[in-house]
Structures are given as C-alpha cells and as structure tokens.
Amino acid sequence: MVCCLLDSSPIDGHARNDRRGTWATGMIDAPCKEPAWCCLGFFCPACTVYLLRKESLGGTIEGYVCCQGYMDMCCFRAGTMGDADNECCLCLEALCCPGLGASATRLMIMDQKELMPDPCDNQIIRCQNYLQCLACICRIGAIFMEELREASELIQLAADLVFLTVMGCMAAQTKIELNLGQRPQAEPPPPP
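Residues numbered from 1 in each chain as written. Predicted model: local features only at pLDDT ≥ 70, side-chain atom pairs only at ≥ 80, totals over all residues. Heavy atoms only, no water.

Visitor: Describe the overall build of the protein chain, naming the residues involved and giving the relevant values.
Guide: Along the protein chain, the regular secondary structure elements total eight helices and zero strands. The buried share of the protein chain, taken over its 192 residues, is 35%. A sequence separation of at least 24 residues applies to 78% of the contacts in the protein chain between residues at least 6 apart. Split by element, the accessible area of the protein chain, about 10700 Å² in all, is 66% carbon and sulfur. (Helix = DSSP H or I, 4+ residues; strand = E, 2+ residues; numbered from the N terminus. Buried < 20%, exposed > 50% of the residue type's maximum accessible area, 1.4 Å probe, protein only. Contact = heavy atoms within 4.5 Å. Areas by Shrake-Rupley, 256 points an atom, 1.4 Å probe, with all protein chains shown as cover.)

Below, the structure written as structure tokens:
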C-alpha cells in the first residue's frame, strides 16, 4: 500500500508521458514562489478554481465547459447540458467540485503548453487520493463499528487538510505557469 504513495511513475501508456515540456515549478516548490495563491487555494479553493479557470481561458468565459471536458463519463458529456460558456456553471463547478475543477485547469494548461506530468506532483496527488479513499472507507466502517468513529474523524480531518494543502500547491503552480504565458517549444512534440 505504501509503495503506491511513493510511486512517482507516470500512468502507463498515457499520452502526456512523451512530452518534452516541464512545469516551471513543481507543486512542492510552488508555495514558496507564489505564497499568496497558495494561501488563497488553501483557504478559499472555490475562488481559486474560478479565477484560475477564467484566466486560463484568456480572461473570458468563452470556451468554458464543465471541467473543460476532462471528467466526461458515459452519461455526461461537457458542453451538452447548457454548461458551455455559462459563468453560472463555472461558479457551481468551483463551489461543488473544487478538486475536479482545479485538476481540469491543470490538465488544460498541460495540454496547451505540452507539459509532461512532474514525478513529485504524481506522488503528492496519489497520496492525497489515497487519504481520501482511506477516509471514505473508515467513514463507512464507522457506520457499523462504533469503535472506529473517533479514528474515522481524525483520518477525515487529515485527508481534508491534505486536500486543502494540495489545492494550495496546485493553485500556486498553475498561477506561476499562467504568469509565464505561452512558452516557445524547443522542439515540436512527437506525433501521437
């Protein structure tokens, strides 16, 4: 179980693995380089999701769809439910799904700038996902076993704090990358 937390390898066969571009700053260093956005991401993740998505779209709402289409499922396709270019939907996404919204903005920037995933970022995100799953399992177990309730509360608190910390790091990293604008490619990316 711990090996999945320490694993920094990319997802096998993922299209972003072969890119040559790298993030200007990894999530682990981003809070020191952009502390204001890190704090905003921690204390008000919905605001950062809204502001960073709008900035990544060029300061307008044109081109917006729910999670920029990165979280489509079999029963939901972004842009088909009245969410296209809808600022109210962006507000709802930021309030109801800040984690997915921040990840979608991050993925959009990765695709726009041809950036590959940072191995340390992979570890941070995997650790946060692991804690969220553990908290969910403990919550379910606490329904049936009263002895687990206190432990469940503590694990949920830890998971929430890690989530907010990752939101802050992701917001700072995203803001740094947006401030750089479009960086020229040294070499064109290889064909898919």
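Read on for the rest.
Visitor: Please provide a residue-by-residue account of the nonpolar core, values included.
Guide: Formed by 15 residues in total, the largest nonpolar core has its most connected members in Met 27, Val 49, Tyr 64, Leu 90, Ala 94, Ala 102 and Met 170. Sorting the residues of this core by element identifies α4 (45-56), α5 (87-96), α6 (98-113) and α8 (149-180) as the ones contributing at least two each. Looking at this core, the element that brings in the most residues is α8, giving four residues. In this view, Leu 90 contacts Tyr 50, Arg 53, Ile 61 and Tyr 64; residues no more than four positions away in its chain are not counted. Within the second largest apolar cluster, eight residues are counted, among which are Ile 109, Met 110, Leu 115 and Ala 171. (Core = buried A, V, L, I, M, F, W, Y, C linked by side-chain atoms within 4.5 Å.)

Visitor: With reference to specific residues and values, describe the side chain of Ser 152.
Guide: The residue Ser 152 is located in helix α8 in this model. When neighbours within four sequence positions are excluded, Ser 152 is seen to be in contact with Cys 138, Arg 139 and Ala 142.

Visitor: Go over helix α3 (residues 35-43) with me, naming the residues and quoting the values.
Guide: Taken together, the buried positions of α3 are Trp 37, Cys 38 and Gly 41. Along α3, the residues classed as buried sweep out an arc of 105° about the axis, all on the same side. Seen from the buried face of α3, the exposed residues on the opposite side, beyond 90 degrees, are Ala 36 and Phe 43. Buried residues in α3 make contact with α2 (30-33), α4 and α8. (Arc of directions from axis to C-beta.)

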